[in-house]
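Summary of structural features
Listed below are the residues making up each chain.
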Amino acid sequence: MYNFEFEKPATIADAVAALGAEDAQALGGGQTLLPTMKQRLAMPTKLVSLSGIGEMQGVCSNNDGSLSIGGATTHATVAAEAAAQYPALADLASHIGDPAVRNRGTIGGSLANNDPAACYPAAALGSGATIVTNAREIAADDYFQGLFTTALEEGEIITGVRFPVPEAANYQKFLQPASRFALVGVFVAKFADGVRVAVTGASEDGVFRWSEAEQALSASFSPEAVNGLQVDPANMMGDIHGTKEYRAHLIGVLTKRAVAAAS
Amino acid sequence: MTKVSMTVNGKPASGEVEGRTLLSSFLREDLGLTGTHVGCDTSQCGACVVHVNGKAVKSCTMLAAEADGAEVSTIEGQAAPDGTLNAIQQAFQDHHGLQCGFCTPGMVMSAAALLKDNPKPTEAEVRAYLEGNICRCTGYHNIVKAIMAASGQDVSAIAAE
């Protein structure tokens, strides 16, 4: 990879200042960014590591029952520390990549990258989470804006994510066996005021909510409620691992499995 | 260049590195610890797994500068100073858990991380934990068997031969 300057600040304020340099880039766990840089697909002049910022680490419960996770918290830590309050989220975190990747990769890094086949975007959108940055709070519904595209401004850091904890939830991932990303992943969350269904891995526009299924499941939270519903294959991704039609079909199958596992 | 200092296998180690220097490169090229192997350099194969502050990581996908101040353990630190193999290494030998041996350092380091968190894993748990460690010689059976044996469990009923 091209060389760069490395900086590891201890506070959010210092990180924001360091990211003010031209072509500076924040570094989470580096599990996507470093391979990308090895391929010379990115060439930042400076990497600002977020791993030394104590205020961006860990999982904690809020008084309103929601769960706050620091942006630099690793998948392994979420898997361990969110298990009691939000088991579906912890389970999702415990199946990202492999154990060594989970010891480095972070929730903030995953959400900032917004890979169209990543797991965390489905959890954040499916839970109606709030993305907290150094500058503002962004609702998940406004945050995800297409492939590798988010509402983040240049130099803006995800300092944390706040998850409302649903009554029941489940994530079903159909593995792309080589990459271990989701060929299709569906996150279903049942709240007192309705059900949210978020789909990753499938759409050409990245993670999205399947609103027809949400309406049907809000009326009746059972796998059968999804019978007869079909996502339009036209906007799905199609590749050697699965056609558009196959992915569209999997969304229905995985949604039913998620509902069955959650209820 | 940045100065980095860390503890590697219990001994202090330091050097001057570029921003882009990977932990695997620092270990192999600066410290001469070539037991950490770089198989794919794309964080898939796991031959480069080492422990950083007790956690298994892929050293080809971590910057050396990120390990400044850390405790790092590599395959070279697993045997006793007199060369006596540790329980996992001995089990790999006893159960023929390697063929060419290229993936073995990463397998042993991943196994050590697993057994630290989960001293008596099931066979399924061992297989799941090794999903980021790839062996191209064999069929994983004897690797799994060795790790089960290293955990003190009876492996006579495991079909792998």
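Residues numbered from 1 in each chain as written. Chains lettered and ligands numbered in written order. Predicted model: local features only at pLDDT ≥ 70, side-chain atom pairs only at ≥ 80, totals over all residues.

Brief notes about the overall build of chain B
Short version of the rule: A run of H or I in DSSP counts as a helix once it spans at least four residues, and a run of E counts as a strand once it spans at least two, with each numbered from the N terminus. A radius of gyration in this sense is built from C-alpha atoms; the matching globule rule multiplies 2.2 Å by the number of residues raised to 0.38. Field definition: a residue is buried when 20 or more other C-beta atoms are found within 10 Å of its C-beta, exposed when 12 or fewer are, and partly exposed for counts in between, with C-beta atoms placed from the backbone. Two residues form a contact once the distance between their C-beta atoms, set from the backbone, is within 7 Å.
The secondary structure content of chain B amounts to 5 helices and 5 strands. Reading chain B from its N terminus to its C terminus gives the helix and strand order β-β-α-β-β-β-α-α-α-α. The C-alpha radius of gyration computed for chain B amounts to 16 Å, which stays within 12% of the reference 15 Å derived for 161 residues, consistent with globular compactness. Principal-axis analysis of the C-alpha atoms gives chain B an extent of 55 × 30 × 25 Å. When burial is assessed residue by residue, chain B has 46% of its 161 residues classed as buried. Of the contacts made within chain B by residues no fewer than 6 positions apart, 56% connect residues no fewer than 24 positions apart.

Focus on the sheet that holds strand β5 (residues 67–70) of chain A
Each strand in a sheet pairs with another by means of backbone hydrogen bonds, the pair being arranged parallel or else antiparallel. All names here are of chain A. What counts is decided by this rule: Being paired, for any two strands, means DSSP has found at least two bridges between them. In this description, a line fitted to the C-alpha atoms serves as the axis of each element, helices being fitted only across the stretch in contact, and the angle between N-to-C directions of two axes falls anywhere from 0 to 180 degrees.
Taken together, the 5 strands give an open sheet; going across it, the order is β4-β5-β8-β6-β7, and neighbouring strands pair in antiparallel fashion. Among the strands making up the open sheet, the edge pair consists of β4 (59–61) and β7 (137–139). Geometrically, the sheet is characterised by an average inter-axis angle of 20 degrees between neighbouring strands, direction not taken into account. Summarising the sheet, strand β6 (residues 130–133) and β7 pair through 3 bridges and their orientation is antiparallel.

Digging into the domain arrangement of chain A
In plain terms, the rule: The split of the chain into domains comes from an automatic or database domain assignment.
Domains assigned within chain A are domain 1 (1–49) and domain 2 (168–262). Relative to domain 2 of chain A, the C-alpha centre of domain 1 of chain A lies at a distance of 34 Å.

Side note on the sheet that holds strand β10 (residues 182–191) of chain A
Residues and elements named next belong to chain A. One open sheet holds the 4 strands; their spatial order is β9-β10-β11-β12, and the pairing between them is antiparallel. The sheet is open, and its two edges are formed by β9 (168–175) and β12 (208–209), each paired on a single side. Pairing between strand β11 (residues 194–200) and β12: 2 bridges, direction antiparallel. From the neighbouring strand, V199 faces β12, where its bridge partner is F208. Contacting β9, β10, β11 and β12, helix α7 (residues 120–127) runs over the sheet at an angle of about 160 degrees to β11. Sitting on the sheet, helix α10 (residues 244–262) touches β9, β10 and β11, and the angle it makes with β10 is about 40 degrees.

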